[in-house]
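Descriptive structure summary
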2 protein chains.
Amino acid sequence: MTDIPYKIYLEETELPKSWYNLRADMINKPAPLLNPGTGKPMTAEELSAVFCSDLVAQELDETNPYIEIPKEIRDFYKMYRPAPLVRAYCLEEKLQTPAKIYYKFEGNNTSGSHKLNSAIAQAYYAKKQGLKGVTTETGAGQWGTALSMACAYLGLDCRVYMVKVSYEQKPFRREVMRTYGASVTPSPSMNTEVGRKILAEHPGTTGSLGCAISEAVEDAVTHEGYRYVLGSVLNQVLLHQSVIGLEAKAAMDKYGIKPDIIIGCAGGGSNLGGLIAPFMGEKLRGEADYKFIAVEPASCPSFTRGTFAYDFCDTGMICPLAKMYTIGSSYIPAPNHAGGLRFHGMSPVLSQLYHDGYMEARSVKQTDVFEAAEYFARCEGILPAPESSHAIKAAIDEALACKETGEEKTILFGLTGTGYFDMVAYEKFHNGEMTNYIPTDEELAESIAKLPKVSE
Amino acid sequence: MTDIPYKIYLEETELPKSWYNLRADMINKPAPLLNPGTGKPMTAEELSAVFCSDLVAQELDETNPYIEIPKEIRDFYKMYRPAPLVRAYCLEEKLQTPAKIYYKFEGNNTSGSHKLNSAIAQAYYAKKQGLKGVTTETGAGQWGTALSMACAYLGLDCRVYMVKVSYEQKPFRREVMRTYGASVTPSPSMNTEVGRKILAEHPGTTGSLGCAISEAVEDAVTHEGYRYVLGSVLNQVLLHQSVIGLEAKAAMDKYGIKPDIIIGCAGGGSNLGGLIAPFMGEKLRGEADYKFIAVEPASCPSFTRGTFAYDFCDTGMICPLAKMYTIGSSYIPAPNHAGGLRFHGMSPVLSQLYHDGYMEARSVKQTDVFEAAEYFARCEGILPAPESSHAIKAAIDEALACKETGEEKTILFGLTGTGYFDMVAYEKFHNGEMTNYIPTDEELAESIAKLPKVSE
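Residues numbered from 1 in each chain as written. Chains lettered and ligands numbered in written order. Predicted model: local features only at pLDDT ≥ 70, side-chain atom pairs only at ≥ 80, totals over all residues. Heavy atoms only, no water.

Some points on the overall build of chain A
When its secondary structure is counted, chain A shows 18 helices and 15 strands. For a compact globule of 456 residues, the expected C-alpha radius of gyration is about 23 Å, and chain A comes in at 21 Å, within 12% of that figure. Overall, the C-alpha framework of chain A stretches about 60 × 50 × 45 Å when taken along its three principal axes. Burial statistics for chain A: of 456 residues in total, 66% are counted as buried. Sequence separation of 24 or more characterises 77% of the internal contacts of chain A that already satisfy a separation of 6 or more. Accessible area for chain A stands at about 15700 Å²; split by element, carbon and sulfur atoms hold 51% of it. (Helix = DSSP H or I, 4+ residues; strand = E, 2+ residues; numbered from the N terminus. Rg over C-alpha atoms; globule rule 2.2 N^0.38 Å. Buried < 20%, exposed > 50% of the residue type's maximum accessible area, 1.4 Å probe, protein only. Contact = heavy atoms within 4.5 Å. Areas by Shrake-Rupley, 256 points an atom, 1.4 Å probe, with all protein chains shown as cover.)

Right, dumping it as structure tokens:
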């Protein structure tokens, strides 16, 4: 046993004072968002109809490496940050691996995930702009919960469109949001034109994330004093989430630890992009080298089986086009897919980095993910979210590879959250009822063929 | 804003090395447990048929003020302790009170509460004794979850009898326990004689805590290599839970903070007894003075409306008799009562202290508790357990009293856990469907009249 504690907590005074903007160090910048109507890059003015002005500035900022975190946001961060960097002593011992395993744990807050880091930032800028409130969509419910907490703290109205099937199957998530004063509407709803249209065409539909996005955007742009906010994919979100990586790096530097491998689960990329940010910055500047691994579900494999192209972010085709790895906005993950990581695309920043060879990606099967989750829970105590467990699975695989070769590699992975609201999926796993779904080549080819035609 | 951080985390090296045994400093010791058959004090040998030997020794130890925490338990504690002492800056600001409010937060672990502190200790001593496993009962599920986590870590079999109505209404708690490898049986069950008898007499019963205790005890004493463990009431449990108060006091001492008022919710007394332990020790030794407030539900008011007498701990009348404040083991809290704190009695240690005037007690109404819980969640972020929210309610009341008088009192309360598995109760509260139940004097007189006759 070394002198490294089980949990490294930075002092509150060591909380990062600025976010790190990875784009400033990228040689090939991520492609701009395009206006789906004109095919031209979205201007700040166009974006400001949907997003808060300060957030638009952050979205478009490719040059400033550091952006100061306002005091008000830092004060909120202090209620649940710095988040611990944990040495997985018990996992190492159980695996009998010479590898040293660390995880940055983002689940010690009521939203249960890292989503709160960006939620408070987005809510703060909305409040600063004098807005009445914000709208958003939520699928599994993590983002909606985080946003409702941030809005309650700032006294901002929060309107959440929750995919109807989740609204009905996850009443507890809904009640958490209501505890924080948010209004939660099952989507599709009669609140919006797009919702009414979908309901008229498909009266029995249980909704989709793409549809909920479209409703939330319409709600924002048709109501004075409201803007739309999003919990992943966007550049601004990755910027806010850089607090994860900055803290992890500061904690490691404090103890002279240098990771060899950095692993994150990847849906829209908010956690992965935040965790790797400062490390990737060093790699881009040629100051250090790390192996980065993005882990995605085999049922929604945008990095490993998608294509790098412009696509819609929503199914309603209201949002700007983004150039990203995508399996097509018309692709809908199989119903047996549990938890988040269901987005058809991937953050443009991460997509560009992956395209340029700075990062690896792999996909993992759902039952293997839950097996890793349970293995981890029993020795490390924490019950992980299914999303986070994709990274656990890859970390265990890397640690076992070290056991084969005898290498004492240092592994860092992101434990993005807890699985307290995912027990239905755990129950299926325990009962042997969980299945895997891997899309066929034909299925993916079909949805990719529907990508919008864009002349770059 | 002072220099006191939002969260005070002790270093791992500052984790208490011994538990504090409050009984050593009590002038009037708690009355001994009695054998219900003979009416004589339970001997170590008699207790050893039900409990692990080392735990029996701790149960009976009234003289040693400090008992060393074994290294193995300290290593486990390091996975989630030291737990933070939080300065409730946002709550203070929202209340506009001159009072300074602190809470010791025990919810940052998967069991969601302080119960894990004693669960790992009890599981450790069972393992040390070479046992195969342990049995227990659980109502709301916090204790069962904590015990299953501890047993998974140590490779010990864990058999939980869960009150049938909870088993059916709280499937998620059940699945968490299964994730940790515990077997969970709805009680009453066909596993035990007492269960079969109850099912024959009352085929449609949804069970009770008292019945589940009886089943768990019978299971333990009729199976080679098993012992029964309990999450509250017992002296040993309060001993283990002293880690809460020891950490809180160490964190306060570090910053030169001295609480005026210390508040804890009280069901069986495990949290309250642990939180106040070192402070009460100072009071008993005449070194300092504090105002202690026990807060209990108006629907189950053992301190405020009970009597100080010998009573059974279970309804099956298998367990030893304990002298405590009780409203009678035949009393069953109203079905509208949400969360824990449903036990008819109170820890003998705390009962004696209350009887001797060292502590105050008050009861609070359920809807007031949930109102306080929501108020707290919206400013402090954390979604509290209904149990913990009893203490929140009293802390807010004390802070508002300071606002009236202008006194800058320092308040410390125990935030024992999170409410993630209590959203059904929160939903009732949001929908205006939550009611209060306060037993009539006649009801209490009836159950108190059924107390066993004991000649002391």
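This is not the end of the story, as more comes after the structure.
Description of the pairing of strand β6 (residues 133-138) of chain A
If a strand is regular, its side chains alternate between the two faces of the sheet. All names here are of chain A. The buried fraction of β6 amounts to six of the six residues, a majority that puts the element mostly inside the structure. Two elements, β6 and strand β7 (residues 157-163), share six bridges in a ladder whose sense is parallel. Residue pairing across strands places Gly-133 opposite Asp-157, the latter belonging to β7. Between the parallel elements β6 and β7, the chain passes through helix α6 (residues 142-154) in a crossover that is right-handed. Examined bridge by bridge, β6 and strand β9 (residues 226-228) share three bridges and lie parallel to one another. Residue pairing for β9: Gly-133 is matched across the bridge by Tyr-226. (Pairing = 2+ DSSP bridges. Right-handed = clockwise from strand over helix to strand, strands pointing away.)

Comments concerning the sheet that holds strand β1 (residues 7-8) of chain A
All names here are of chain A. Strands sit in the order β1-β4-β5-β15-β10-β11-β14 across an open sheet of seven strands; the sheet is mixed. Each edge of the open sheet carries a strand with a single partner, namely β1 and β14 (360-364). Bridge count for strand β10 (residues 261-265) against strand β11 (residues 291-297) is five bridges, and the pairing is parallel. Across the sheet, the residue bridging to Ile-263 is Ile-293, located in β11.

Quick word on the interface of chain A and chain B
The partner chain B presents 43 residues to the 43 residues of chain A that form the contact. Together chain A and chain B conceal approximately 4000 Å² of surface at their shared face, both sides included; 58% is due to carbon and sulfur atoms. A per-residue breakdown of the area chain A buries against chain B is headed by Phe-172, Thr-179 and Tyr-420 of chain A, which together make up 17% of the total. Connecting chain A to chain B are four salt bridges. Measuring nitrogen to oxygen at the nearest pair gives 3.4 Å for the salt bridge that ties Glu-12 of chain A to Lys-7 of chain B. On inspection of chain A and its partner chain B, the count reaches 28 residue pairs in polar contact (both at pLDDT 80 or more). Sorting elements by how many residues they give to the side of chain A that touches chain B places helix α8 (residues 171-179) of chain A first, with six residues. Taken together, the residues of the side of chain A that touches chain B break down into 22 nonpolar, eight polar and 13 charged. (Buried area = accessible area lost by both parts, 1.4 Å probe. Salt bridge = Lys/Arg side-chain N within 4 Å of Asp/Glu carboxyl O. Polar contact = N/O pair within 3.5 Å; in protein donor to acceptor, adjacent residues only side chain to side chain. Nonpolar A, V, L, I, M, F, W, Y, C, P; charged D, E, K, R; others polar.)

As for the sheet that holds strand β1 (residues 7-8) of chain B
Residues and elements named next belong to chain B. Here seven strands make up an open sheet; going across it, the order is β1-β4-β5-β15-β10-β11-β14 and the pairing mixed. Whereas interior strands pair on both sides, the edge strands pair on one side only; in this sheet they are β1 and β14 (360-364). Of the pairings in the sheet, the one linking strand β10 (residues 261-265) to strand β15 (residues 410-415) comprises three bridges and is parallel in character. Counted as the bridge partner of Ile-261 is Ile-411 from β15. Across the sheet, helix α12 (residues 270-284) lies against β5 (100-105), β10, β11 (291-297) and β15, angled at about 155° from β10, the strand it touches most. (Axes fitted to C-alpha atoms, helices over the stretch in contact; angles between N-to-C directions.)

Here's the deal with the packing of aromatic side chains
Considering all chains together, one arrives at 41 aromatic pairs over all chains under this definition. Aromatic pair Tyr-9 of chain A and Tyr-9 of chain B: ring centres 3.8 Å apart, planes at 20°, arrangement stacked. Pair noted here: Tyr-9 of chain A is in the loop between β1 and β2 (18-20) and Tyr-9 of chain B is in the loop between β1 and β2 (18-20), and the two residues belong to different chains. The pair Tyr-9 of chain A / Tyr-9 of chain B is uniform in exposure class, with both members buried. Where Tyr-325 of chain A meets Tyr-354 of chain A, the ring centres are 5.1 Å apart and the plane angle is 75°; that geometry is what we call edge-to-face. Of this pair, Tyr-325 of chain A sits in strand β13 (residues 321-326) while Tyr-354 of chain A sits in helix α14 (residues 348-355); the two residues are 29 residues apart in sequence, bridging distant segments of the chain. What links up through ring pairs into an aromatic cluster is the set Phe-76, Tyr-77, Tyr-80 and Tyr-153 of chain A. In this arrangement the basic side chain of Lys-94 of chain A is found over the ring face of Tyr-375 of chain A, its NZ or CZ atom lying 4.3 Å from the centre. (Phe/Tyr/Trp six-rings, centres within 6.5 Å; stacked < 30°, edge-to-face > 60°. Lys NZ or Arg CZ within 6 Å of the ring centre and 35° of its normal.)

Structural notes on the environment of Gln-241 of chain B
Residue and element names in this part refer to chain B. Mapped onto the fold, Gln-241 is located in helix α11 (residues 235-254). Once you skip the residues sitting within four places of it in the chain, Gln-241 turns out to touch His-114, Lys-115, Asn-117, Ser-118, Ser-270, Gly-274 and Leu-275. There is a polar contact of 3.0 Å between the side chain of Gln-241 and the backbone oxygen of His-114.

Section: the pattern of salt bridges
Residue and element names in this part refer to chain A. Scanning all chains against the criterion turns up 54 salt bridges over all chains. Two residues, Arg-87 and Glu-92, come together in a salt bridge whose shortest N-O distance is 2.6 Å. With respect to class, Arg-87 is no different from Glu-92; both count as buried. Residues joined by salt bridges that share partners form a network here, namely Arg-81, Lys-104, Glu-106 and Glu-247.

Some points on the relation of the copies chain A and chain B
The two copies are related by a screw operation: chain A maps onto chain B through 180° of rotation and 0.0 Å of translation along the axis, at an RMSD of 0.0 Å. Taken together, the rotation and translation describe the operation of a two-fold axis. Measuring from the rotation axis to each C-alpha of chain A, the shortest distance belongs to Asn-108 of chain A, at 3.1 Å. (Least-squares fit on C-alpha atoms with pLDDT ≥ 70 in both.)

A short note on the domain arrangement of chain A
Residue and element names in this part refer to chain A. By the assigned domains, chain A splits into domain 1 (7-14 + 79-112 + 236-448) and domain 2 (21-68 + 113-228). Distance from the C-alpha centre of domain 1 to the C-alpha centre of domain 2: 22 Å. Facing 50 residues of domain 1, the contacting portion of domain 2 comprises 46 residues. Together domain 1 and domain 2 conceal approximately 4000 Å² of surface at their shared face, both sides included; 62% is due to carbon and sulfur atoms. At the boundary of domain 1 with domain 2, the tally comes to two salt bridges. Asp-422 is the salt-bridge partner of Lys-170, the closest N and O atoms lying 3.3 Å from each other. The interface formed by domain 1 and domain 2 holds 18 residue pairs in polar contact (both at pLDDT 80 or more) in total. Elements supplying a minimum of two residues to the side of domain 1 that touches domain 2: α11 (235-254), α12 (270-284), β12 (307-312), β13 and α14. The class makeup of the residues in the side of domain 1 that touches domain 2 is 23 nonpolar, 19 polar and eight charged. (Domains from an automatic or database assignment.)

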